[in-house]
Amino acid sequence: MTTALTDTRRPASTGRPAPGGSGLTFPRVVASEWIKLRTLRSTVWTLVVTVALMVGVALLAAWGFTQAAEDGGGSAAGAFATTVGSNVAQMSIAVLGVLIITGEYTTGMVRSTFAAVPTRLPALAAKALVLTATILVVGLVSVALAYLATLPLLAGTGLEIDLGEPESLRILVGTALYLTAVALLAFAFGALIRHSAGALAAVLGLLLVVEPLFGNIPLAFFREVSPYLPSTAGSRVMMPDEFNAALGGEAALGPWQGYGVMLAWVAVVLAIAAVLLRRRDA
Amino acid sequence: MIEARGLTKRYGSKTAVDDVTFTVRPGQVTGFLGPNGAGKSTTMRMVVGLDRPTHGTVTVNGRPYAQHRSPLHEVGALLDAKAVHTGRSALHHLQAMAATHGIGAARVHEVIAMTGLESVARKRVGGFSLGMGQRLGIASALLGDPHTLLLDEPVNGLDPEGVLWVRTLVRHLAAEGRTVFLSSHLMSEMALTADHLVVVGRGRVVADAPVAEIIGRAGAVRVRVRTPQAGRLSQALARGGVEVTSTGPDTLEVSGTSAEEVGEAAAAAGVVLHELTPVARSLEDAYMSLTADEVEYHSTSGPALAPALTERS
């Protein structure tokens with residue numbers, strides 16, 4: 001292999017900071033994280049799977065609703081049917097949220113990241129920002145595609161979605177918001193636990209095991225706590241008011257209150273992760 | 001310029017780096033030499049703020065690494081050839097690193113060319129050989145055209161041509177006035193590459209001096225003698241200041257005298273010589289003697305090192 005040895009410092013274009021030129025800034029760290037996100041095949045595939053799940057399950061659900069042959073349920077029920085894929089799509093989203101950070105630890109990439117951004121927190125914040133924007137967009141696109149795909153199926157069933165109706169719109173947009181919060185929760189656990197398997201077990205265990213368990217144990221303590229668990233609370237933002245009332249009784253959290261509770265969980269776990277990120281050896 | 005003052009790192013009860021103080025100056029290649037487990041990598045990680053010292057401080061160009069506004073322009077570090085996501089291509093890895101500092105695409109392609117990675121730049125790093133990984137690590141380190149380079153075992157896994165390339169590269173970088181700090185457990189490599197050595201063993205600095213001085217300090221010359229009459233020669237040489245060690249059935253090593261004197265003593269005693277060779281102390285010997293007590297993992301068998309170990313300064 002021939003290599004140009006004498007060319008480490010070129011007179012004109014080098015990496016040295018020019019006036020107003022290169023140097024570490026937060027927008028640049030965000031740009032770097034965006035490159036990292038889109039240059040991993042696993043990320044791209046996970047996002048494709050997410051969209052496919054959202055649209056596929058929506059089609060199934062819409063078809064199921066038309067077969068039930070009841071008198072529809074209105075626009076909100078239609079919106080719910082269209083977004084019910086979020087139940088499975090949240091799994092792929094959680095995997096992505098975890099791997100985006102634990103992948104750096106398991107491969108050693110994190111040492112390169114922290115060597116470039118030695119104060120560390122900007123790197124964590126940039127990652128969170130890029131993840132939030134990506135999942136929000138992918139979530140909205142998935143919902144839009146699911147809406148369009150189910151239009152013909154829902155037509156004439158009494159489940160037609162009225163986009164002008166606030167509740168239906170809240171369900172549609174809320175689904176994208178919920179998925180974003182799931183991604184951030186998973187990301188926060190990933191930053192905290194730093195091992196892919198451990199963090200995945202924690203997040204999926206919480207979403208699939210702990211929360212349903214709390215919801216089903218007929219003891220006062222579990223019944224009291226259950227509505228405030230992250231996914232249970234957050235998923236209210238993508239449910240029709242009718243469901244929320246039925247689920248929560250009188251003390252039910254409103255859709256936005258519930259979502260706020262989920263974001264508070266995200267903030268707490270992320271804050272702990274951020275504190276430890278500064279302290280731990282990379 | 002890298003300045004470590006009283007740098008200490010403990011992991012639980014184990015002390016990896018123990019009160020280490022040294023200065024790495026610009027314009028020369030400073031070797032960081034020590035056996036495996038001596039604390040070299042830990043020290044280097046502390047320099048760039050990846051590990052937090054238990055005690056002590058380390059600064060780069062007068063400031064802790066994390067306080068620099070453009071860290072990649074200050075220090076280029078090859079800390080671990082595997083500090084790259086295996087699922088990303090070399091080009092994308094470098095682009096992502098460059099993006100944090102707004103370093104342009106031209107420089108990315110420049111370092112790829114410099115390290116000879118053009119043909120594999122678009123391949124995923126997971127499939128790279130150790131040598132390719134090292135080249136990518138060096139490319140990352142050079143991205144910001146830094147004043148200071150920190151290279152942890154850069155020749156590990158390189159073929160002879162790659163080793164020569166690294167040697168020439170670091171000498172060239174130092175000649176440009178940069179600070180080059182290079183770790184290795186291979187003393188032979190250091191003898192060829194470094195101007196100055198910081199030798200560590202079990203987390204402590206055991207020597208900090210120019211390479212020539214470290215070789216010289218370990219004693220100048222020994223004489224190897226092969227004779228069928230080893231016993232008689234030993235007696236003939238027996239006088240103050242001369243140390244005779246038997247290293248084989250008919251081989252002696254003599255220190256404290258010269259080859260000429262050994263030859264004359266042999267002639268006077270009527271001893272037949274099959275070989276009379278002055279042996280210059282190599283850096284390897286010097287290193288062995290410096291770190292003899294500091295090696296963490298002694299091998300139980302193997303050649304006896306005792307003769308070289310007696311004169312630790």
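Let me begin by describing the structure that accompanies this report.

Cut-offs applied
Residues numbered from 1 in each chain as written. Chains lettered and ligands numbered in written order. Predicted model: local features only at pLDDT ≥ 70, side-chain atom pairs only at ≥ 80, totals over all residues. Heavy atoms only, no water. Helix = DSSP H or I, 4+ residues; strand = E, 2+ residues; numbered from the N terminus. Buried < 20%, exposed > 50% of the residue type's maximum accessible area, 1.4 Å probe, protein only. Areas by Shrake-Rupley, 256 points an atom, 1.4 Å probe, with all protein chains shown as cover. Phe/Tyr/Trp six-rings, centres within 6.5 Å; stacked < 30°, edge-to-face > 60°. Lys NZ or Arg CZ within 6 Å of the ring centre and 35° of its normal. Expected span 1.5 Å × (residues − 1). Pairing = 2+ DSSP bridges. Axes fitted to C-alpha atoms, helices over the stretch in contact; angles between N-to-C directions. Patch = residues over 30% accessible without salt bridge, like charges linked within 9 Å, V, L, I, M, F, W, Y side chains within 5 Å. Salt bridge = Lys/Arg side-chain N within 4 Å of Asp/Glu carboxyl O.

1. A few points about the overall build of chain A
Broken down by element type, chain A carries twelve helices and zero strands. Listing each helix as α and each strand as β along chain A from the N terminus yields α-α-α-α-α-α-α-α-α-α-α-α. The buried share of chain A, reckoned over its 282 residues, is 50%. Of the accessible surface of chain A, which amounts to about 12400 Å², a share of 70% is contributed by carbon and sulfur atoms.

2. Remarks on the packing of aromatic side chains
Counted according to the given criterion, the structure contains seven aromatic pairs over all chains. By the ring-pair criterion, three or more aromatic residues cluster together here, those being Phe214(A), Phe221(A) and Phe222(A). The ring of Trp165(B) has Arg135(B) sitting right over it, with the charged end atom 4.7 Å from the ring centre.

3. Quick word on helix H2 (residues 41–68) of chain A
In this model, H2(A) (28 residues) spans 40 Å end to end at C-alpha, consistent with the 40 Å of a helix rising 1.5 Å per residue. Buried within H2(A) are the following residues: Thr43(A), Thr46(A), Leu47(A), Thr50(A), Met54(A), Val55(A), Ala58(A), Ala61(A) and Ala62(A).

4. Remarks on the sheet that holds strand S1 (residues 2–11) of chain B
All names here are of chain B. The three strands lie next to each other as S2-S1-S4, forming an open sheet whose pairing is antiparallel. Across the chains shown, the open sheet's two edge strands, defined by having one partner strand only, are strand S2 (14–24) and strand S4 (55–60). The mean inter-strand angle of the sheet, taken between neighbouring strand axes irrespective of direction, is 20°. Pairing analysis gives five bridges linking S1 to S4, with the strands arranged antiparallel.

5. Overview of a nonpolar patch on the surface
All names here are of chain A. A cluster of nonpolar side chains, namely Val137, Val141, Leu145, Leu148 and Leu151, defines an oily patch on the protein surface of about 420 Å² accessible area. One can find Leu148 in helix H6 (residues 121–154). On the accessibility criterion, Leu148 (51% relative accessible area) is exposed.

6. With respect to unusual backbone geometry
Not every positive phi belongs to a glycine, and Arg120(A) is a case in point at roughly 70°. Looking at the element boundaries, Arg120(A) is found in the loop between helix H5 (109–116) and H6. Judged by relative accessible area, which is 4%, Arg120(A) ranks as buried. In this structure, Asp19(B) takes a positive phi of about 55° despite not being glycine. Considering the arrangement of structural elements, one finds Asp19(B) in strand S2. According to the relative accessible area criterion, Asp19(B) is exposed, its value standing at 51%.

7. Digging into the pattern of salt bridges
All chains considered together, the criterion is met by 18 salt bridges over all chains. Linking Lys36(A) and Glu104(A) is a salt bridge whose minimum nitrogen-to-oxygen distance equals 2.9 Å. Taken together, the positions of Lys36(A) in helix H1 (residues 26–38) and Glu104(A) in helix H4 (residues 86–107) put the pair 68 residues apart, joining distant regions of the chain. Each member of the pair, Lys36(A) as well as Glu104(A), is classed as buried. Across the salt bridge formed by Arg45(B) and Asp51(B), the nearest N and O atoms sit 3.1 Å from each other. Look at Arg45(B) and you get partly exposed, because its relative accessible area is 22%. A single salt-bridge network, built from bridges that share partners, covers Arg107(B), Glu110(B), Asp145(B), Glu176(B) and Arg178(B).

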